[in-house]
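Single-letter residue listing:
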Amino acid sequence: MRRPLEGVLVLEFCQFLAGPSAGLRLADLGARVIKIERPRTGDACRQLSIKNLFVNDDSLLFHTINRNKESYAADLKNADDLVRLKKLISKVDIMIHNFRPGVMEKIGLDYTSVQEINSKIIYGVVTGYGNEGPWANKPGQDLLVQSVSGLTYLSGSDIDGPVPFGLSVSDIMCGNHLAQGLIAALIKRAKTNQSVLVEVSLLESILDVQFEVITTYLNDGGKLPERSAVKGSAHSYLSAPYGMYATTNGHIALAMGDLKLICSIIDCDITDLYTDANSTFENRDKLILRLGETFKHQNREYWLGLLESNGIWCAAVLNYREATNLDVYKSLKIEQQLNLGDGKHIKTTSSPLRMDGNKLYADKPAPILGHHNVGINEEFELN
């Protein structure tokens, strides 16, 4: 299958997660992504491990973000390496970086300078808080960005204090936004035959992810989100029954639904708490507790069968072991193996996209540091 970005050449001057995850999305879509890394140590993510898991000399985390790429080691402070990089830049379609403001200007690889090298370049930049402004030089790290964006006051209950996401949601969404912008820039360049600058920040990305609740806040007299005091409540702006409920053998989740209908189905009396639609907000905690008292007397399968047969939106709450054993998980074919050579493999996720009915698999592992220098030097005549 021919992929939509085949023939597009990308240089990725990025480390850690946001920028490299954008490169990953482009590579999945068929682009050739050459990762520019410092000699000897490479992308710092090579040594940033989760649970101290390593594959050969690199962290498992590095492998999850950098599969299907090539590695070119170059010292940006070395004059000869810079000459080679500028030759390479003259031949590429897209260049992305996540250096702090001012770094690329010092070495002559900022957007204005690169335009003189390649007048049709698409130049992508990832920052923590924007290239300009009072926070331009603050470190852009996922947990810090979650913390200053208001996000940590949406999950959990009001007695928990701030609750961050258990994954790098700011980085991942920023990478997705950058990939979208770069693909849009390819279309714009095809129309104008000119270079395009694409910029995104971690903070803007995580604020955008919250658009539904921030819009509510901005148009609700500046009232802050009110998390429920009940464990399992799931949305600071949605009322009962929205949330998760314990059963005798696990939990179920209830989405939006007609509360009176649900209570009639499960035989839960709420007549003292529910008088009109406003009651679902005013008495949210009491209603969630009342529902919870009912659900805890039967098992998960009983409640799901009863609710689903009556058209109520609900689901089991699963851990990874349960989720990855679902028939639907297997039918989606979201897993793939990366071939490390010598009979070694690691499992990871594949692109969630399908093109003309085909999954976008790519079993090429993350590159060894500098592994492609010789071939790239010869191919592009960089020496």
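Residues numbered from 1 in each chain as written. Predicted model: local features only at pLDDT ≥ 70, side-chain atom pairs only at ≥ 80, totals over all residues. Heavy atoms only, no water.

### What about the overall build of the chain?
So, step 1. Summing up its helical and strand segments, the chain has 16 helices and 15 strands in all.
So, step 2. Overall size of the chain, expressed as C-alpha extent along the three principal axes, is 80 × 50 × 40 Å.
So, step 3. Each of the 383 residues in the chain was classed as buried or not, and the buried ones make up 44%.
So, step 4. Computed over 40 positive and 45 negative side-chain charges, the separation of the two mean positions in the chain equals 5 Å. (Helix = DSSP H or I, 4+ residues; strand = E, 2+ residues; numbered from the N terminus. Buried < 20%, exposed > 50% of the residue type's maximum accessible area, 1.4 Å probe, protein only. Lys, Arg positive; Asp, Glu negative; His and termini not counted. Charge placed at Lys NZ, Arg CZ, Asp CG, Glu CD.)

### Details of the packing of helix α7 (residues 169-192) against helix α8 (residues 202-209)
So, step 1. Interaxial distance between α7 and α8 falls to 8 Å at its minimum, and their mutual angle equals 95°. Between α7 and α8, the crossing angle belongs to the class labelled roughly perpendicular. From α7, Val169, Ser170, Asp171, Met173, Cys174 and His177 reach across to α8, where they touch Leu202, Ser205, Ile206, Asp208 and Val209.
So, step 2. Along the lines of polarity and charge, the residues of the contact of α7 with α8 split into six nonpolar, three polar and two charged. (Axes fitted to C-alpha atoms, helices over the stretch in contact; angles between N-to-C directions. Parallel < 35°, antiparallel > 145°, perpendicular 65-115°, else oblique. Contact = heavy atoms within 4.5 Å. Nonpolar A, V, L, I, M, F, W, Y, C, P; charged D, E, K, R; others polar.)

### What to know about the packing of aromatic side chains
The geometry of an aromatic ring pair is captured by two quantities: the separation of the ring centres and the angle between the planes.
So, step 1. Counted by the stated rule, this structure contains five aromatic pairs.
So, step 2. With a centroid separation of 5.0 Å and 75° between ring planes, the pair formed by Tyr302 and Trp303 is classed as edge-to-face.
So, step 3. For Tyr302, a relative accessible area of 40% gives the class partly exposed.
So, step 4. Ring-pair connections join several aromatic residues into one group, and the members of that group are Tyr245, Phe295, Tyr302 and Trp303. (Phe/Tyr/Trp six-rings, centres within 6.5 Å; stacked < 30°, edge-to-face > 60°.)

### Topic: unusual backbone geometry
So, step 1. Here the residue pair Ala240 and Pro241 is connected by a cis peptide bond, since its omega of 15° sits within 30 degrees of zero.
So, step 2. Take Pro241: it is sitting in the loop between α9 (211-218) and β9 (243-247).
So, step 3. For Arg40, which is not a glycine, the phi torsion comes out positive at approximately 75°.
So, step 4. Following the sequence through the fold, Arg40 ends up in the loop between β2 (32-37) and β3 (54-55).
So, step 5. Residues other than glycine seldom take positive phi values, yet Asp356 does so here, at roughly 50°.
So, step 6. Within the element layout of this structure, Asp356 appears in the loop between β14 (354-355) and β15 (358-359).

### A short note on the side chain of Thr348
So, step 1. Turning to its location among the elements, Thr348 is positioned in strand β13 (residues 344-349).
So, step 2. Ignoring any residue separated from it by four or fewer positions in sequence, one finds Thr348 in contact with Thr64, Arg67, Ile334, Glu335, Gln336 and Leu338.

### Thoughts on the nonpolar core
Generally speaking, soluble globular proteins have nonpolar side chains that are buried together.
So, step 1. One finds Ile94, Ile122, Leu178 and Leu182 to be the most contacted residues of the largest nonpolar core, which totals 35 residues.
So, step 2. Residue assignment for this core shows that the elements contributing at least two residues are α1 (18-28), β6 (94-97), β7 (122-127), α7, β8 (196-201) and α8.
So, step 3. Ignoring any residue separated from it by four or fewer positions in sequence, one finds Ile122 in contact with Asp93, Ile94, Met95, Leu182, Ala185, Leu186, Arg189, Val196 and Val198.
So, step 4. In terms of nonpolar packing, the next biggest core, distinct from the first, is built from 25 residues, Ile34, Val114, Tyr123 and Ile376 among them. (Core = buried A, V, L, I, M, F, W, Y, C linked by side-chain atoms within 4.5 Å.)

### A closer look at the sheet that holds strand β10 (residues 250-254)
So, step 1. The three strands are arranged β9-β10-β11 in an open sheet whose pairing can be described as antiparallel. For this open sheet the edge positions go to β9 and β11 (314-317), each flanked by a neighbour on one side alone. Strand-to-strand twist across the sheet, computed as the mean angle between neighbouring axes with direction ignored, equals 30°.
So, step 2. Here β10 runs beside β11; their pairing, made up of four bridges, is antiparallel. (Pairing = 2+ DSSP bridges.)

### Digging into the layout of surface pockets
Empty space among the atoms becomes apparent when a probe as large as a water molecule is rolled across them.
So, step 1. For the second largest pocket, the calculated volume is near 490 Å³.
So, step 2. Among the elements that make up the lining of the second largest pocket, the one with the highest residue count is helix α12 (residues 284-295) (four residues).
So, step 3. Split into classes, the residues belonging to the lining of the second largest pocket amount to ten nonpolar, six polar and three charged.
So, step 4. Residues lining the lining of the second largest pocket come from more than one domain, with at least three contributed by each of domain 1 (9-209 + 353-379) and domain 2 (243-317). (1 Å grid on protein atoms, 1.4 Å probe; cavity = no way out; pocket = protein on both sides within 12 Å on 5 of 7 lines; lining within 4 Å. Points joined across faces, edges and corners; volume = space filled by probe spheres on them. Domains from an automatic or database assignment.)

### Some remarks on the sheet that holds β6
So, step 1. The strand order across the open sheet built from six strands is β5-β2-β1-β6-β7-β8, with neighbouring strands paired in parallel fashion. Looking at the sheet topology across the chains shown, the edges are occupied by β5 (70-73) and β8. Averaged over all pairs of adjacent strands, the angle between strand axes in this sheet comes to 20°, irrespective of strand direction.
So, step 2. Pairing between strand β1 (residues 9-13) and β6: four bridges, direction parallel. Bridged to Val10 within β6 is Ile94.

### Observations regarding helix α10 (residues 259-266)
So, step 1. The set of residues buried in α10 consists of Leu259, Ile262, Cys263, Ile265 and Ile266. Along α10, the residues classed as buried sweep out an arc of 160° about the axis, all on the same side. Facing away from the buried side of α10 by over 90 degrees, the exposed positions are Lys260 and Ser264.
So, step 2. If you follow the buried residues of α10, they end up packed against β10, α11 (279-282), α12 and α13 (300-309).
So, step 3. Where α10 begins, one side-chain oxygen reaches toward the backbone nitrogen of Lys260, 3.0 Å away; that side chain belongs to Asp258. (Arc of directions from axis to C-beta. Polar contact = N/O pair within 3.5 Å; in protein donor to acceptor, adjacent residues only side chain to side chain.)

### Some remarks on the domain arrangement of the chain
So, step 1. Each assigned domain of the chain is listed with its residue range as follows: domain 1 (9-209 + 353-379) and domain 2 (243-317).
So, step 2. The C-alpha centroid of domain 2 is placed 44 Å from the C-alpha centroid of domain 1.

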